[in-house]
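# Topology and contacts: notes
So the chains spell out like this:
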Amino acid sequence: MTVDRNELMDRVVALTKRRGFIFPTAEIYGGLSGFYEFGPYGVALKRAIRDLWWRHMVDLRDDVVGLESTLIMPAAVWEASGHLTNFVDPLRQCLGKCKKRWRADHVLGEKCPECGGPLDEARMFNLMFKTYVGPLQDRASEVYLRPETAQGMFVDFKNIINSTRVRVPFGIAQQGKAFRNEITPGNFVFRVREFELMEMEYFVRPQADDEWFSYWRSERLRWYTDVLGLDKNRLRFYDHPKESLSHYSKQTTDIEYEFPFGWGELEGIADRTDYDLAVHQEKSKQDLTSLDPETNERYLPWVIEPAVSVERIFITLLLDAYDEDVVNNEPRTLLRLHPNVAPVQVAVVPLSKKEELIRVAKDVIKALRGQFRVEYDQTGGNIGRRYRRQDEIGTPFCITVDFDTLNDQAVTIRKRDSTEQERVKIADLSPRLNSLAG
Ligand code: GAP
């Protein structure tokens, strides 16, 4: 069944709260706009997204290495990178009743979208959070929370070249928190003020940028469809026109998803040229060039950068997977998540609380733990109710231990999407689940 697109976001938000995926930050104090906390299933889903990204961007390749740089970096970094001057959004404030602030490029016309009041002139607003290091709060102690992880890769470029055997073409990958004082956070965790970026700077020969740009575009799209299982009909490329490119970019393509509020950016892939290495080389007076072993010439590598946040993938996966149907004449809510990302991949549910069943169920879960994300569900309620609960958190497989198990050493695998059941010997359970998970 397809859920009405106008209602989809509200239903997903309600489900995430009900099932402990996401909570507003400090809710008992009224929350903090643009900040969210992740509960047990949310953490499991986030970890799955992060792990799959790292596996495909780093572990399964021999040309990408990892880095963890700091969340706070000196002002000199942001001055050189251009963020102090260019990381700005145009801001307009309502002069009428509601006094709300808006991103000028999100407002059509001259009236406040909320109360219809007049808007003031647009002024530029820097999105970086500023703080101070040490006891004095003066110009010299000003530092910034990073709005992207990328600058860590550029600032450490020389350290990595000098301490590892990587040579162009190669990438440096990083996952970690980023902070942006967004004027209008919204659409749940689509646009927030604290989020986790996953970025990879891929350093190439200057003339090879077009070829690698095209490689990373298709590679990243493939990851969304084949590894995360997103609906390919709701994904597309959007090539930015020249006039809307970031200050560092020669060409940028967004991988867009068709959200209930329209097509929006899921991931950006940018050709950053040698902009960043060039400005850091100039400001730091350090040589950031690489040596071409064939020509013996030194040059500044160019950079292709795929960048996405865990939160944006998170909300995309939930919107893509949310569904409602009717099973045995009863309405059901389910998340059709790919087994790769499901917070719980296998739930083990003993049919009753009889000790002999519980003993076997605990043995089964022990054998599966470590291979799959598992949950043991012996809570009250009939088996149907427990299946429904697992459907709602997106668990693709429930294993039922029943009285026959005691005689035939077999259990039932109940599949979330079709609700079909199949009987499998306990000894064959793990390979069978692996093959079903694809
Ligand atoms: N280093 C390049 C860079 O940061 P960006 O397009 O500003 O580029 C990259 O951000 C990705 O980060 C976006 O495609 C989106 O997935 C995510 N992102 C950006 N702002 C975000 C926000 N306020 N909340 C959640 N995710 C955000």
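These notes cover the structure that comes with them. Remember, it's a predicted structure, so these values are computed and weren't measured experimentally.

## Re the overall build of the protein
A count of helices and strands for the protein gives 13 helices and 24 strands. If one aligns the C-alpha atoms of the protein with their principal axes, the spans along those axes are about 75 × 65 × 50 Å. Looking at the protein as a whole, 52% of its 438 residues are labelled buried. Residue pairs at least 24 apart in sequence account for 64% of intrachain contacts in the protein once pairs closer than 6 positions are excluded. Taken as a whole, the protein presents about 21,100 Å² of accessible surface, with 49% of it coming from carbon and sulfur. Charge centroids of the protein, computed over 61 positive and 68 negative side chains, lie 5 Å from each other.

## Concerning the site of the ligand
Neighbouring the ligand are 20 residues, the closest being Glu148, Glu182, Glu199, Glu265 and Leu266. Within the contact set of the ligand, a nitrogen atom lies 3.4 Å away from a backbone nitrogen or oxygen of Phe190. Ser309 is positioned such that a nitrogen or oxygen atom in its side chain is 2.8 Å from a nitrogen atom of the ligand. Here the shell around the ligand gets five residues from one element, more than from any other, and that element is strand S14 (residues 262-273).

## A few points about a nonpolar patch on the surface
Together, Leu71, Ile72 and Val133 make up an exposed nonpolar region whose accessible area comes to about 230 Å². Its location among the elements puts Val133 in the loop between strand S8 (130-132) and strand S9 (142-145).

## Some remarks on the environment of Leu300
Along the polypeptide, Leu300 turns up in the loop between strand S16 (298-299) and strand S17 (302-309). Separated by 104 residues in the primary sequence, Leu300 and Asp404 have C-alpha atoms spaced 69 Å apart. Those residues in contact with Leu300 that sit more than four places away from it in its chain are Pro206, Asp274, Leu277, Ala278, Gln281, Leu288 and Thr289.

## Description of the sheet that holds S9
Strand order in the open sheet formed by three strands is S4-S9-S8, and the pairing between neighbours is antiparallel. The open sheet has two free edges, formed respectively by strand S4 (72-74) and S8, since each of these has just one partner strand. Direction aside, the axes of adjacent strands within the sheet are offset by 45° on average. Judged from the three bridges that link them, S4 and S9 form a sheet pairing that is antiparallel. Within the sheet, the bridge partner assigned to Met73 lies in S9 and is Tyr144.

## Structural notes on the pairing of strand S10 (residues 170-179)
In terms of burial, S10 is a largely internal element, nine of the ten residues being buried. Across three bridges, the pairing between strand S3 (residues 64-66) and S10 is parallel. By the bridge assignment for S10, Val64 is matched with Gly171. In this structure, S10 lies alongside strand S11 (residues 194-204), joined through ten bridges in antiparallel fashion. Counterpart to Gln174 in the pairing with S11 is Glu199.

## Here's the deal with the side chain of Ser290
Here Ser290 is to be found in strand S15 (residues 290-291). Residue classification places Ser290 among the buried residues on the basis of a relative accessible area of 6%. Beyond its immediate chain neighbours, meaning those up to four positions away, Ser290 contacts Phe157, Ile161, Val168, Glu297, Arg298, Tyr299 and Pro301.

## Some thoughts on helix H10 (residues 355-368)
Here H10 is 14 residues long and its end C-alpha atoms lie 20 Å apart, about the 20 Å a rise of 1.5 Å per residue gives. Within H10 the residues assigned to the buried category are Leu357, Ile358, Val360, Ala361, Val364, Ile365 and Leu368. Down the axis of H10, the buried side of the element spans an arc of 165°, and every buried residue falls inside it. The outward face of H10, more than 90 degrees from its buried face, is lined by the exposed residues Glu355, Arg359, Lys366 and Ala367. Looking at the packing, one finds that the buried side of H10 touches strand S20 (346-350), strand S21 (374-376), strand S22 (397-401), helix H12 (405-408) and helix H13 (429-437). Gly370 sits one or two positions beyond H10 and adopts a positive phi of about 100°.

Cut-offs used in this document
Residues numbered from 1 in each chain as written. Predicted model: local features only at pLDDT ≥ 70, side-chain atom pairs only at ≥ 80, totals over all residues. Heavy atoms only, no water. Helix = DSSP H or I, 4+ residues; strand = E, 2+ residues; numbered from the N terminus. Buried < 20%, exposed > 50% of the residue type's maximum accessible area, 1.4 Å probe, protein only. Contact = heavy atoms within 4.5 Å. Areas by Shrake-Rupley, 256 points an atom, 1.4 Å probe, with all protein chains shown as cover. Lys, Arg positive; Asp, Glu negative; His and termini not counted. Charge placed at Lys NZ, Arg CZ, Asp CG, Glu CD. Near = heavy atom within 4 Å. Polar contact = N/O pair within 3.5 Å; in protein donor to acceptor, adjacent residues only side chain to side chain. Patch = residues over 30% accessible without salt bridge, like charges linked within 9 Å, V, L, I, M, F, W, Y side chains within 5 Å. Salt bridge = Lys/Arg side-chain N within 4 Å of Asp/Glu carboxyl O. Pairing = 2+ DSSP bridges. Axes fitted to C-alpha atoms, helices over the stretch in contact; angles between N-to-C directions. Expected span 1.5 Å × (residues − 1). Arc of directions from axis to C-beta.

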